[in-house]
Amino acid sequence: MLNNTQIRYCLDQMGEMFPDAHCELIHSNPFELIIAVSLSAQCTDALVNKVTKELFKKYKTPEDYLRVPLEELQTDIRSIGLYRNKAKNIQSLCRMILDDYNGELPKDRDELTKLPGVGRKTANVVVSVAFDVPAIAVDTHVERVSKRLGICRWKDSVLEVEKTLMKRIPKDEWSVTHHRLIFFGRYHCKAQNPQCPSCPLLEICREGKKRMKGSAVSHG
DNA sequence: CTCCCGATAT
DNA sequence: ATATCAGGAG
């Protein structure tokens, strides 16, 4: 586990690597954002953006998603994957927004979690990005990077990772750090091919040093 | 724990 | 061929 000085070093280095880290899911309002994040499960942002470009032209309001048969919405999002669950969730979510929330997306994290297909990670993204509430959404990148670096423990659950990050990062840096962790994981500390040799965090990264030792170039 | 699932990178 | 992608629900 990294100490507080090493954590500070990580945050500062990531700030230099990705000073403009931001939400890459294209959206123009909170409703579009929660649709985009719901679609993004087990799928790249790039592909979500490709689909929502056309989707958001056809569907502007919760009523629009409910006007079409389920099969039509499935077809419109098919290339995303997991499309049956996602299409059903979107229609149920729209029904609930109209029936239980007077047509307006709730701004509370725990209320958002009551919506079908919206778990803690999706709700954290929405409150953080759309409503400017400090939050750390733990996705696959945040979890992997936090564990590799030693910001949290290897055995931590997703929820435990989030709590550890909230404990170890100043609250006014939660949202920006969250996006830097994602950029760092997506573009540098990648799942399959991590860029350890050029990593400014290598000297404090337990996993990175282990990888470098295992792939030494020298033969003698 | 399993299932949902197509697109893309390796 | 296989791993991975801004997860969530049963």
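Provided above is the structure to which this section pertains.
As the structure is a prediction and not an experimental result, all values here were calculated from the model.

**Examining the overall build of chain A**
A count of helical and extended segments in chain A gives twelve helices and zero strands. In terms of overall dimensions, chain A has C-alpha extents of about 70 × 35 × 30 Å along its principal axes. Among the 220 residues that make up chain A, the fraction classed as buried is 47%. Taking the intrachain contacts of chain A between residues at least 6 apart in sequence as the baseline, contacts between residues at least 24 apart amount to 60%. If the 34 positive side-chain charges of chain A are averaged to one point and the 28 negative ones to another, these points end up 7 Å apart.

**Considering the protein's contact with DNA strand C**
Contacts to DNA strand C come from 27 residues, most closely from Asp45, Thr122, His141, Arg144 and Ile182. For the surface near DNA strand C, the elements supplying multiple residues, two or more each, are helix 8 (120-129), helix 9 (140-149) and helix 11 (174-188). If one sorts the elements of the surface near DNA strand C by residue count, helix 11 sits on top with four residues.

**Quick word on the protein's contact with DNA strand B**
Every residue lining DNA strand B is accounted for by Gln42, Leu47, Lys50, Arg78, Ser79, Gly81, Leu82, Tyr83, Arg84 and Asn85. At the protein interface, 65% of the atoms of DNA strand B within 4 Å belong to sugar or phosphate. Side-chain polar atom of Lys50 to a phosphate oxygen of DNA strand B: 3.3 Å apart, as the coordinates give it. Between DNA strand B and the protein, one listed contact pairs a phosphate oxygen with a side-chain N or O atom of Arg84 at 2.4 Å. Those elements giving two or more residues to the surface near DNA strand B turn out to be helix 3 (45-58) and helix 6 (83-100). Per-element accounting of the surface near DNA strand B gives the leading share, three residues, to helix 6. Residue composition of the surface near DNA strand B, grouped by class: three nonpolar, four polar and three charged.

**Some details on the nonpolar core**
Formed by 37 residues in total, the largest nonpolar core has its most connected members in Ile34, Ile35 and Tyr65. Counting residues per element, the ones that place at least two in this core are helix 2 (30-39), helix 3, helix 5 (70-77), helix 6 and helix 8. Per element, the largest residue contribution to this core is seven residues, and it comes from helix 2. Non-local contacts of Ile34, meaning those with residues more than four positions away in its chain, are made with Leu93, Leu105, Leu112, Leu115, Val118, Thr122 and Val126.

**Considerations on the side chain of His188**
Topologically, His188 is positioned in helix 11. Non-local contacts of His188, meaning those with residues more than four positions away in its chain, are made with Met17, Phe18, Phe183, Asn193, Pro194, Gln195, Ser198, Cys199 and Pro200.

**Some thoughts on helix 5**
Turning to helix 5, its buried residues number three or more, namely Leu73, Gln74 and Ile77. Projection of helix 5 onto a plane perpendicular to its axis shows the buried side chains occupying an angular sector of 105°, all on one side. Exposed positions of helix 5 whose direction lies more than 90 degrees from the buried face are Glu71 and Thr75. The elements touched by buried residues of helix 5 are helix 2, helix 3, helix 4 (62-67) and helix 6.

**Observations regarding the packing of aromatic side chains**
Tallying each qualifying case throughout the model produces four aromatic pairs. Here Phe31 and Tyr65 contribute two aromatic rings whose centre-to-centre distance is 5.9 Å and whose plane-to-plane angle is 75°, an arrangement assigned as edge-to-face. Here the residue Phe31 occupies a position in helix 2, and Tyr65 occupies one in helix 4, the gap between them amounting to 34 residues. Joined through ring pairs, the aromatic side chains of Phe18, Phe183 and Tyr187 make up one cluster.

Scoring rules and cut-offs
- Residues numbered from 1 in each chain as written.
- Chains lettered and ligands numbered in written order.
- Predicted model: local features only at pLDDT ≥ 70, side-chain atom pairs only at ≥ 80, totals over all residues.
- Heavy atoms only, no water.
- Helix = DSSP H or I, 4+ residues; strand = E, 2+ residues; numbered from the N terminus.
- Buried < 20%, exposed > 50% of the residue type's maximum accessible area, 1.4 Å probe, protein only.
- Contact = heavy atoms within 4.5 Å.
- Lys, Arg positive; Asp, Glu negative; His and termini not counted.
- Charge placed at Lys NZ, Arg CZ, Asp CG, Glu CD.
- Near = heavy atom within 4 Å.
- Polar contact = N/O pair within 3.5 Å; in protein donor to acceptor, adjacent residues only side chain to side chain.
- Nonpolar A, V, L, I, M, F, W, Y, C, P; charged D, E, K, R; others polar.
- Core = buried A, V, L, I, M, F, W, Y, C linked by side-chain atoms within 4.5 Å.
- Arc of directions from axis to C-beta.
- Phe/Tyr/Trp six-rings, centres within 6.5 Å; stacked < 30°, edge-to-face > 60°.

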